[in-house]
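Residue-level structural notes
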Amino acid sequence: MSDSHMPQKYSLLGPEIWIRLAFMVVYAIVLKLVLLVLGIVAVVQFFIVLIQGQANTAMVEFSESCAQFVLQSWRFLTFVSEDKPFPFRDWPA
């Protein structure tokens, strides 16, 4: 990650801030969808544990990668990072 503790300077008239706004809107919408999917996965995983006595490994790995995507998205949305999440970088492992 190329995170810097020094925030990038933006100009009101420069195109960079408006392009970033467009990306922020898209990531905010995608983030809502990912959180919905993670909520569904949590409920399904609960019933899997009830029935099988243990969590489904593939679902755990999927949940972890989604959680990393959520973190990367929040870091971008809150200006902690200038790095755009997936698809501008690899999906989190």
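Residues numbered from 1 in each chain as written. Predicted model: local features only at pLDDT ≥ 70, side-chain atom pairs only at ≥ 80, totals over all residues. Heavy atoms only, no water.

**Let's talk about the packing of aromatic side chains**
For the structure shown, the criterion picks out 6 aromatic pairs. With centroids separated by 5.6 Å and ring planes inclined at 65°, the aromatic side chains of tyrosine 27 and phenylalanine 76 adopt a geometry described as edge-to-face. Here tyrosine 27, found in helix α1 (residues 15-52), pairs with phenylalanine 76, found in helix α2 (residues 57-77); they are 49 residues apart in sequence, far enough to count as distant. Phenylalanine 76 shares its class with tyrosine 27; the two are buried. Pairing phenylalanine 46 with phenylalanine 47 gives two aromatic rings, centres 5.6 Å apart and planes at 80°, and the pair type is edge-to-face. Owing to a relative accessible area of 48%, phenylalanine 46 belongs among the partly exposed residues under this scheme. The structure contains a cluster of three or more aromatic residues connected by ring pairs, namely Tyr27, Phe69, Phe76, Phe86 and Trp91. Here the basic side chain of arginine 20 rests over the ring of phenylalanine 76, its NZ or CZ set 4.1 Å away from the ring centre. Seen from the ring of phenylalanine 23, lysine 84 lies directly overhead, with NZ or CZ sitting 4.9 Å from the centre. (Phe/Tyr/Trp six-rings, centres within 6.5 Å; stacked < 30°, edge-to-face > 60°. Helix = DSSP H or I, 4+ residues; strand = E, 2+ residues; numbered from the N terminus. Buried < 20%, exposed > 50% of the residue type's maximum accessible area, 1.4 Å probe, protein only. Lys NZ or Arg CZ within 6 Å of the ring centre and 35° of its normal.)

**Quick notes on a nonpolar patch on the surface**
Together, Leu12, Leu13, Trp18, Leu21, Val25, Ile29 and Leu33 give the surface a local cluster of nonpolar side chains, amounting to about 790 Å² of exposed area. Residue position: valine 25 is located in helix α1. Given a relative accessible area of 44%, valine 25 falls into the partly exposed group. (Patch = residues over 30% accessible without salt bridge, like charges linked within 9 Å, V, L, I, M, F, W, Y side chains within 5 Å. Areas by Shrake-Rupley, 256 points an atom, 1.4 Å probe, with all protein chains shown as cover. Salt bridge = Lys/Arg side-chain N within 4 Å of Asp/Glu carboxyl O.)

**Notes on α2**
The terminal C-alpha atoms of α2 lie 30 Å apart, and with 21 residues this matches the ideal 30 Å at 1.5 Å per residue to within 8%. Within α2, the full set of buried residues consists of Met59, Ser65, Cys66, Phe69, Val70, Gln72, Ser73, Phe76 and Leu77. Seen from one end, α2 has its buried residues packed into an arc of 165°, which puts them on one side. Residues of α2 that are exposed and point over 90 degrees away from its buried face: Thr57 and Glu61. On its buried face, α2 is in contact with α1. Capping of α2 at its N-terminal end is provided by asparagine 56; its side-chain oxygen lies 3.0 Å from the backbone amide nitrogen of alanine 58. (Expected span 1.5 Å × (residues − 1). Arc of directions from axis to C-beta. Contact = heavy atoms within 4.5 Å. Polar contact = N/O pair within 3.5 Å; in protein donor to acceptor, adjacent residues only side chain to side chain.)

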